[in-house]
Amino acid sequence: MTTFANSIITQKKIMKKVITFISFILLAVGTYACTNFIVGKKASTDGSVIVSYNADSYGMYGNMFRHVGGTHKSLALPLGSSKKGEMRKVVEWDTNRYLGEIPQASVTYNVVGQMNEKQVSITETTFGGREELADSTGLIDYGSLIYIALERSTTAREAIKIMTDLVEKYGYCSEGETFSICDKNEAWVMEMMGKGPGGHGAVWVAVRIPDDCICAHANQSRITKFLKLFPKEDVIYSKDCISFAKKKGFFNGNNKEFSFRDAYAPCDFSANRYCEARVWSFFRHHADGMDKYLDYVMGKDIEHLASEMPLYLKPKTLVSAQDIRNDMRDHYEGTALDITDDLGAGAWDTPYRPSPLSKNIITENGDTIEVFNERPTSTQQTGFGFVGQMRSWLPDAVGGVVWWTNDDPNMAPYTPVYCGVKDIPECYQRKENIQDEAHFSWSSAFWLQNTVANIVYPYYSKIFPDLKKVRDELETQFCHEVETCTDSDPSLLTYNSLKAASEMMNAWKKLFEYIVVKHNDMVVKKEEDGQFKKSKYGFGAAPIRPGYSNRFFNKIKKETGDRYVIKK
């Protein structure tokens, strides 16, 4: 655990009120603690609907989901037939635990990552909610819900119906979840909560994001008074969404005042500081006046919700897919939550902190307090990153672009894979006992990108500029290629997608070799005309020895006094 600034200790009274963070944040498996951003088609620079996803979980191997669509034998067979229809296995995404089987649909669509061939994209963040409402007896977990819907839907609205019908029929076995459900024309946010052991189905509400707006969610329920705040035609909800809350004693009032969040996942310090803060940081990039919400996201104004942020807002300027890729790399730089300048940043200003997110410590005067690390959008535990770009003016096969990375997006480039491909890059695939959670492979994008990142983390300000240069050059190239490609031929799209992934892998292997040589033993080799300099006798030229900065040495001196001062 990093050493925390004295200012945190002085906030002892506040910290004692901090409850233990919901257990899902600390689990080693599963795509918990994720972040989603959404851009409506009239809020984007080119008319795209855009959705993003950092799938964050320690121990998770980033794997690109792939389903090959087709026709299937239906269960609706003639009376007396001995044949059986096809079944689809349901395996819990977080654990790989077999849950059961459901009848397969008569037609399914190709799926690449979080997007299907019809340009439908679905992502999620887990908010947990009331622990007593989790139902382990349900058949459908949130991950299976996403991928089954992608296999079967042609629009976002259809995906919502499929998802809600599935949990109504088979039960929902996950915690509270927020889903981003988008297609080439619309963007929706849906929140879902189980009904507890012995209950059946789930309560849920879905809100359409206006075309000219942006939205975000990050592990905290964000839909509040949906009957009061949004147009009737933009809201869909389960028939017992409100009545169930009243039955359980979570709400007692006029239906117009019912807040899904307040009933099923009330705010607390961790929800605001760890989760809503990421939403705030996204909004601040695209809207003015966000400082008025700072006390709220810092956990200082939990009881008084007058300062809470809206579900969505209209950006001050149009937002591009590249803007969203950059937003997914955010560490709160330049804000009150910036972590690059305190002692935890070390000598090289790293914006990353080791887990756990919160921890009990004993202070110098013997008191036990709970302290925490900030939780920005960009974090080292990302298993994969996704930006979905859905373009209605192009054929679906080329219109849908899966921008993909297998690490924290700050530390690796997004590469494009079109939703109309016949195959996906092998480097993005999980192969049991070959390239997976426990088996390293140089052919795996996950392991290659993480290898480079873990070299950079402890020497961030020293090495990151070298990584950023290669990352940005690749993305600029890929963006140009995507913008100029309008051919929907699946063979061409497959070739372009495999080529981009191959170019990324080759560039990242060269980057690994380059930074190992350049920054070996904490010095910096000199360069000239793209080559490392050598002396006139053929050996390497004397390297630069940057050492600690004045700022960091002053922190050391404050800690150690005159121990390291040369006395003359």
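From a predicted model like this one, the values you see are computed outputs, not experimental measurements. (Residues numbered from 1 in each chain as written. Predicted model: local features only at pLDDT ≥ 70, side-chain atom pairs only at ≥ 80, totals over all residues. Heavy atoms only, no water.)

Q: Let's hear about the overall build of the protein: which residues, and what values?
A: Each helix and strand counted, the protein has 15 helices and 23 strands in total. In summary, the protein has a C-alpha radius of gyration of 25 Å against a globular reference of 24 Å for 568 residues, a match within 12%. Each of the three principal axes of the protein carries a C-alpha extent, and together these read 95 × 60 × 45 Å. Within the protein, contacts between residues separated by at least 24 positions form 71% of all contacts whose residues are at least 6 apart in sequence. Looking at the protein as shown, the accessible area adds up to about 25,000 Å², and 52% of this sits on carbon and sulfur atoms. Across the protein, 69 positive and 72 negative side-chain charges occur, with their mean positions spaced 2 Å apart. (Helix = DSSP H or I, 4+ residues; strand = E, 2+ residues; numbered from the N terminus. Rg over C-alpha atoms; globule rule 2.2 N^0.38 Å. Contact = heavy atoms within 4.5 Å. Areas by Shrake-Rupley, 256 points an atom, 1.4 Å probe, with all protein chains shown as cover. Lys, Arg positive; Asp, Glu negative; His and termini not counted. Charge placed at Lys NZ, Arg CZ, Asp CG, Glu CD.)

Q: Lay out the nonpolar core in plain terms, naming residues and giving numbers.
A: Core analysis: the largest hydrophobic core is formed by 119 residues, its most contacted members being Phe-226, Phe-258, Phe-260 and Tyr-264. When near neighbours in sequence (up to four residues on either side) are disregarded, Phe-226 contacts Val-205, Val-207, Val-235, Tyr-237, Cys-241, Ile-242, Phe-258 and Phe-260. (Core = buried A, V, L, I, M, F, W, Y, C linked by side-chain atoms within 4.5 Å. Buried < 20%, exposed > 50% of the residue type's maximum accessible area, 1.4 Å probe, protein only.)

Q: Tell me what's going on with the sheet that holds strand β14 (residues 214-217), and back it up with residues and numbers.
A: Spatial ordering of the open sheet is given by β16-β14-β1-β2-β19-β20-β21, a layout of seven strands whose pairing is antiparallel. The open sheet terminates on both sides in strands that have one partner only, identified here as β16 (312-313) and β21 (415-418). As judged from the five bridges shared by strand β1 (residues 35-39) and strand β2 (residues 49-56), these two strands associate in the antiparallel manner. Counterpart to Thr-35 in the pairing with β2 is Asn-54. Where helix α13 (residues 460-484) meets the sheet, its contacts fall on β20 (400-405) and β21, and the angle it forms with β21 comes to roughly 25°. (Pairing = 2+ DSSP bridges. Axes fitted to C-alpha atoms, helices over the stretch in contact; angles between N-to-C directions.)

Q: Mind laying out helix α3 (residues 142-152), listing which residues take part and the relevant values?
A: In terms of residue burial, α3 counts as a mostly covered element, since 11 of its 11 residues are buried. Residues of α3 that are buried include every one of Tyr-142, Gly-143, Ser-144, Leu-145, Ile-146, Tyr-147, Ile-148, Ala-149, Leu-150, Glu-151 and Arg-152, and no others.

Q: Describe the side chain of Lys-462, with residues and values.
A: In this fold, Lys-462 is placed in helix α13. There is no salt bridge for the buried Lys-462, and the closest opposite charge comes from Asp-466, which lies 7.7 Å off by N-O distance. Within the structure, Lys-462 has its side chain in polar contact with the side chain of His-519 (distance 3.1 Å). The contact partners of Lys-462, leaving out residues within four places of it in the chain, are Trp-348, His-519, Met-522, Val-523, Val-524 and Pro-546. (Salt bridge = Lys/Arg side-chain N within 4 Å of Asp/Glu carboxyl O. Polar contact = N/O pair within 3.5 Å; in protein donor to acceptor, adjacent residues only side chain to side chain.)

Q: Break down the pairing of strand β19 (residues 382-390) for me, citing the residues and quoting the values.
A: Within a regular beta strand, the side chains point alternately toward one face of the sheet and then the other, so they alternate between its two faces. Of all nine residues in β19, nine are buried, a share of seventy percent or more. As judged from the eight bridges shared by β2 and β19, these two strands associate in the antiparallel manner. Bridging from a neighbouring strand, Val-49 pairs with Met-390 of β19. Relative to β20, β19 runs antiparallel, the two sharing six bridges. Along β20, the bridge assignment pairs Gly-388 with Val-402.

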